[in-house]
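Chains, contacts and geometry: an overview
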Amino acid sequence: MENVRVLDSRGYTATISKLNFPAWSRSGAGRHSSGHWSSAPTMSGQRSKCCSSRLGVILIVCLALMITLTVVLLVLHFLNRPSNDSIDISETANYLLGVGRADCTGPVAQVPLMGYANPEQAAGGLLTRLYSRAFIVADSDGSRRVVFVSADIGMVSQRVRLQVLERLKSKYGDLYRQDNVILSGTHTHSGPAGYFQYTLFWITSKGLIRPALNSIVNGIVKSIDIAHENMKRGRLFINRGTVENSQINRSPFSYLANPASERSRYSSNTDKEMVILKMVGEDGQELGLISWFAVHPVSMNNTNHLVNSDNVGYASYLFEQDQNKGMLPGEGSFVAAFASSNLGDVSPNTRGPTCANTGESCDNPQSSCPVGGAAMCMAQGPGNDMFESTRIIGQNIYSKARELYEKASQEVRGPLSSAHQWVNMSDVSVELNATHTVKTCKPALGHSFAAGTIDGVGAFNFTQGAVEGDPFWDQIRDQLLGEPSNETKACHKPKPILFSTGEMTWPHPWHPDVVDVQIAAIGSLAIVAVPGELTTMSGRRLREAVTREFDSHGIPGMNVVIAGLCNVYTHYIATYEEYQVQRYEAASTIYGPHTLSAYIQLYRGLARAIATNTTQDLPRGPEPPFFNIGNLTLLPSLGVERAPTNKTFGDVLQEVRQQYRVGEVAEVTFVGANPRNSAENATEHNFLTVERHTNTSGTWQVVQNDASWDTRFYWSRGSLSQSNVTIEWHIPAGTEPGTYRIRYFGHYKKRVLLTRTITVPFEGSSSAFEITVP
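1. Side note on the overall build of the chain
Broken down by element type, the chain carries 15 helices and 40 strands. Residue burial in the chain is summarised as follows: out of 774 residues, 54% are buried. Sequence-distant contacts in the chain: of pairs separated by 6 or more residues, those separated by 24 or more amount to 75%. When the accessible surface of the chain is totalled, it reaches about 32,600 Å², and 52% of it is carbon and sulfur.

2. Section: helix α7 (residues 310-323)
In this model α7 runs 20 Å from its N-terminal to its C-terminal C-alpha over 14 residues, within 8% of the 20 Å that 1.5 Å per residue would give. Burial within α7 is extensive, with 11 of its 14 residues counted as buried. Residues Asp310, Asn311, Val312, Gly313, Tyr314, Ala315, Ser316, Tyr317, Leu318, Phe319 and Glu320 constitute the buried set of α7. Elements that come into contact with the buried residues of α7 comprise β3 (95-103), β6 (131-139), β13 (286-292), β14 (335-339) and α8 (386-407).

3. Points about a nonpolar patch on the surface
Together, Phe472, Ile476, Leu480 and Leu481 line one region of the surface with nonpolar side chains, adding up to about 380 Å² of accessible area. For Leu481, the position within the fold is in the loop between α9 (471-480) and α10 (486-492). The partly exposed category is assigned to Leu481, whose relative accessible area is 34%.

4. Observations concerning the state of the cysteines
Overall, the coordinates contain three disulfides when judged by the stated rule. Each sulfur in the disulfide pair Cys355 and Cys369 lies 2.2 Å from the other. Taking the sign of the torsion about the S-S bond as the criterion, the disulfide between Cys355 and Cys369, at about -110°, is left-handed. With Cys355 in strand β16 (residues 352-355) and Cys369 in the loop between β16 and β17 (377-380), this pair connects stretches of sequence that are 14 residues apart. Covalently, Cys441 is tied to Cys491 through a disulfide, its sulfur atoms 2.0 Å apart. Here the disulfide of Cys441 and Cys491 is left-handed, its torsion about the S-S bond being about -90°. Of the two residues, Cys441 is situated in the loop between β21 (437-439) and β22 (445-446) and Cys491 in helix α10; the sequence distance between them amounts to 50 residues.

5. Structural notes on the packing of α7 against α8
Contact geometry of α7 with α8 gives a least axis separation of 7 Å together with a crossing angle of 50°. Taken together, the axes of α7 and α8 are oblique relative to one another. Regarding α7 and α8, the two cross each other, and that crossing is right-handed. Across the interface between the two elements, Asp310, Asn311, Val312, Tyr314, Ala315, Leu318, Phe319, Asp322 and Gln323 of α7 pack against Thr390, Arg391, Ile393, Gly394, Gln395, Ile397, Tyr398, Ala401, Arg402 and Tyr405 of α8. Residues of the contact of α7 with α8, tallied by class, amount to 10 nonpolar, five polar and four charged.

6. A look at the sheet that holds strand β31 (residues 652-654)
Strand order in this open sheet of seven strands is β9-β4-β5-β36-β37-β33-β31, and the pairing throughout is antiparallel. Two strands bound the open sheet, and with one partner strand each, they are β9 (191-192) and β31. Note: strand β33 (residues 665-672) against strand β37 (residues 723-730), eight bridges, orientation antiparallel. Note that in β37 the partner of Val668 across the bridge is Ile727.

7. Regarding the layout of surface pockets
Any empty space left between atoms is shown by rolling a water-sized probe over those atoms. Quantified by volume, the largest pocket comes out at close to 1,100 Å³. In this structure, the largest pocket is lined by 42 residues; those nearest its centre are Tyr116, Ala117, Thr204, Phe449 and Ala450. Elements represented by at least two residues in the lining of the largest pocket include exactly α3 (199-205), β23 (452-453), β24 (456-457), α9 and β25 (497-499). Among the elements that make up the lining of the largest pocket, the one with the highest residue count is α3 (five residues). Taken together, the residues of the lining of the largest pocket break down into 25 nonpolar, 13 polar and four charged. Size it by volume and the second largest pocket reaches roughly 970 Å³. Taken together, 34 residues line the second largest pocket, and the ones lying closest to its centre are Tyr317, Gln704, Asp710, Pro732 and Ala733. Considering each element in turn, the lining of the second largest pocket owes the most residues, five residues, to α7. Here the residues of the lining of the second largest pocket are counted per class, giving 16 nonpolar, nine polar and nine charged.

8. Thoughts on empty space enclosed by the protein
The full count for this structure, using the stated rule, is seven cavities of 30 Å³ or more. Considering only enclosed or pocket space, the largest cavity measures out at about 120 Å³ in volume. In terms of lining residues, the largest cavity is bounded by 16 residues, among which Tyr131, Arg133, Gly313, Tyr317 and Ala707 are the most central. For the lining of the largest cavity, the per-class residue count stands at five nonpolar, six polar and five charged.

9. Observations concerning the packing of aromatic side chains
Under the criterion given, the structure shown has 30 aromatic pairs. Ring plane angle 20° and centroid distance 5.9 Å describe the contact between Tyr314 and Tyr317, whose orientation is recorded as stacked. Of the two residues, Tyr314 and Tyr317 are both situated in helix α7; the distance of three residues between them amounts to about one turn of the helix. The burial state of Tyr314 is the same as that of Tyr317; both residues are buried. An aromatic cluster is present here, built from Phe649, Phe670, Phe687, Phe713, Tyr744, Tyr748 and Phe762 joined pairwise through their rings. Residue placement shows Lys278 over the ring face of Tyr405; its charged tip is 4.4 Å from the ring centre. If you follow Arg712 out to its NZ or CZ, it ends over the ring of Phe387, 3.8 Å from the centre.

10. Considerations on the side chain of Gln704
Mapped onto the fold, Gln704 is located in strand β35 (residues 699-705). Its relative accessible area of 10% is what places Gln704 among the buried residues. Side chain to side chain, Gln704 and Ser708 meet in a polar contact 2.7 Å long. In contact with Gln704, other than residues within four places in its own chain, are Leu328, Leu688, Thr689, Val690, Asp710, Thr711, Trp729 and Pro732.

11. Looking at the side chain of Glu578
Looking at the element boundaries, Glu578 is found in helix α12 (residues 576-581). No salt bridge forms around the buried Glu578; measuring N to O, its nearest opposite-charge neighbour Arg541 is 6.8 Å away. Excluding anything up to four places from it in sequence, Glu578 contacts Ser254, Tyr255, Asn258, Asp345, Thr535, Met537, Ser538 and Ala586.

12. Some thoughts on the pairing of β3
Counting buried residues in β3 gives eight out of nine residues, a clear majority hidden from the surface. Sheet analysis places β3 next to strand β10 (residues 232-242), joined by three bridges and oriented antiparallel. Along β10, the bridge assignment pairs Tyr95 with Gly234. Pairing analysis gives nine bridges linking β3 to β6, with the strands arranged antiparallel. Residue Val99 lies in a different strand from β6, and its bridge partner there is Phe135.

Calculation criteria
- Residues numbered from 1 in each chain as written.
- Predicted model: local features only at pLDDT ≥ 70, side-chain atom pairs only at ≥ 80, totals over all residues.
- Heavy atoms only, no water.
- Helix = DSSP H or I, 4+ residues; strand = E, 2+ residues; numbered from the N terminus.
- Buried < 20%, exposed > 50% of the residue type's maximum accessible area, 1.4 Å probe, protein only.
- Contact = heavy atoms within 4.5 Å.
- Areas by Shrake-Rupley, 256 points an atom, 1.4 Å probe, with all protein chains shown as cover.
- Expected span 1.5 Å × (residues − 1).
- Patch = residues over 30% accessible without salt bridge, like charges linked within 9 Å, V, L, I, M, F, W, Y side chains within 5 Å.
- Salt bridge = Lys/Arg side-chain N within 4 Å of Asp/Glu carboxyl O.
- Disulfide = S-S within 2.5 Å.
- Axes fitted to C-alpha atoms, helices over the stretch in contact; angles between N-to-C directions.
- Parallel < 35°, antiparallel > 145°, perpendicular 65-115°, else oblique.
- Left-handed = near helix turned anticlockwise from the far one by under 90°.
- Nonpolar A, V, L, I, M, F, W, Y, C, P; charged D, E, K, R; others polar.
- Pairing = 2+ DSSP bridges.
- 1 Å grid on protein atoms, 1.4 Å probe; cavity = no way out; pocket = protein on both sides within 12 Å on 5 of 7 lines; lining within 4 Å.
- Points joined across faces, edges and corners; volume = space filled by probe spheres on them.
- Phe/Tyr/Trp six-rings, centres within 6.5 Å; stacked < 30°, edge-to-face > 60°.
- Lys NZ or Arg CZ within 6 Å of the ring centre and 35° of its normal.
- Polar contact = N/O pair within 3.5 Å; in protein donor to acceptor, adjacent residues only side chain to side chain.
- Lys, Arg positive; Asp, Glu negative; His and termini not counted.

Quick look at the structure:
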């Protein structure tokens, strides 16, 4: 008997036993030397033939038993196979699946919006609500789990992650941990700021804003709670396809710095591929969708003041409305997340950059205009305004996701695994090859960081592509914040440092040193959770490196996706070649020119640990700090509010018309109050409803709410502690003719004692109006 290595249908090797049968001697039926069979019967031959027959039967029975035993052993081998040989993608694998969605909007007035770092861009109302969408995948007995959360926020901060994990631990013990929970932000630039513990982010966020932080943490935890409570047996399917007419590279001159041989492998300077994961219950119920696609949610520009989830949020809105028939936005069991990926240099403003004052192109290495400089160079499109552009890009993304979802047939099977480390990214040694080792740097931002991008320009006279400092700004920095050390300057070359944040520690560190690196594997799907914004080519290199690492350890064909803006925010991650050009993305690569190489090395290590079943041997690394921060905010306090003379809160100041047609805008203005009162005194609050009168029952039915794309809620502060609220309803196609009204719900502050105020709820309603057939 000898051992033979064979491949099964999934590419795994196994050792089986091969029988070496002896030549059977058949007396009376043997060969003569001439090679002919003898047929002369003899008595001894008959006896021998009889014995041979019995022996043959015995051997055949033995052979059958050995084959049966071999099969049983093989089955047991694959069922109990240790995952360090490979990931077992079992044909009979079953998952437990759970999905959940919860509001995480927070305050929609006065709070700065997170993304453009524009101090003038404060919230002044609501276009669409923000949601946390959670997805839990567990093995059949629930012992191993992976949680993926996509939240409609600018990015996940370290503070948010630490508080979420603390809450999960208090509820579920060690079931949900730092290694198996991924928190990802969609990167909308129109969500509330103020949920960071590092000083740099306080500058434009007006400090740490507790209501914003609490709303995000509560929403994420609640979405996980809902997913946990509704887990059921189900199946996963994956699909991928190309999205057209939805993105451009906003730093093409940086992209061109990458090697020509590398660029020639790709047909575009952006990643056009969308990957979707479809979740279906065992009973056929459609549960949810996760889509990963690289595009910045900046269709809503830096003049916007309405809180909203931008283009990817609109795609979620369309998908969920389509699946949850007859339900209001934010309601229904189906959950669709459009998560971020390697979007660092990817813009949805497909008309490209033009000079706002002349209309000519400013697609040049500095993104600068002849008159007005970089401040005039802005990208727009594809719509005529930011609302239309958001709708067009969101519709494109939704349509491709819908197509891929309907056609998804490749099933995801196999075990679950996750790997996580905390890493001090300011001090990582990177082995470039056998003879060269380099290091990452203490965090620092370059001059071109202040220039902004064509999606949101910066201030003063900063331009992209600056490889030399400006003596004027450098002198101001040195006097106010201190000069960067020679070591940090040398480490970051050719970046001219504007803010040496890694050397600034008052009142708390300005940037994180300790960051999360994490991979979660769900059968043949690997989710690479990256704490920042990878550029297109950076993402391609990281995906390829992780894929090769799995391949080299016996796990071919892994579907590797990048989830961006996860767990802690570290700005951008450009390639080494892009770093030399020092446009915005490179100037914002805070750990120096070898940041990407360091991440590739770290994520390869995580992939190797998953492939070899050694995740338990990974060093945990240094735990991140949790700073004790009080109520440190520059937001104005909420004081007593007043209604105009002879008016009360909720009264109508400007009434609707009596009649409208589809496509028109119904508008009403109320005596309002600061919406922050509602956010800080209600866990969930709806500011408005659009209601239709039902003649048969004589009641009013809610047909739209403040999460609807077609409603807009504007708050404006007046004098003498007074404010107004204007509600618009952009009447969509398909609206049934009939009688409608618009209602407003709010809270105001009232003084009851000299030192005590209370929050009082109120509501108002427009007059009834008719919608007629066009």
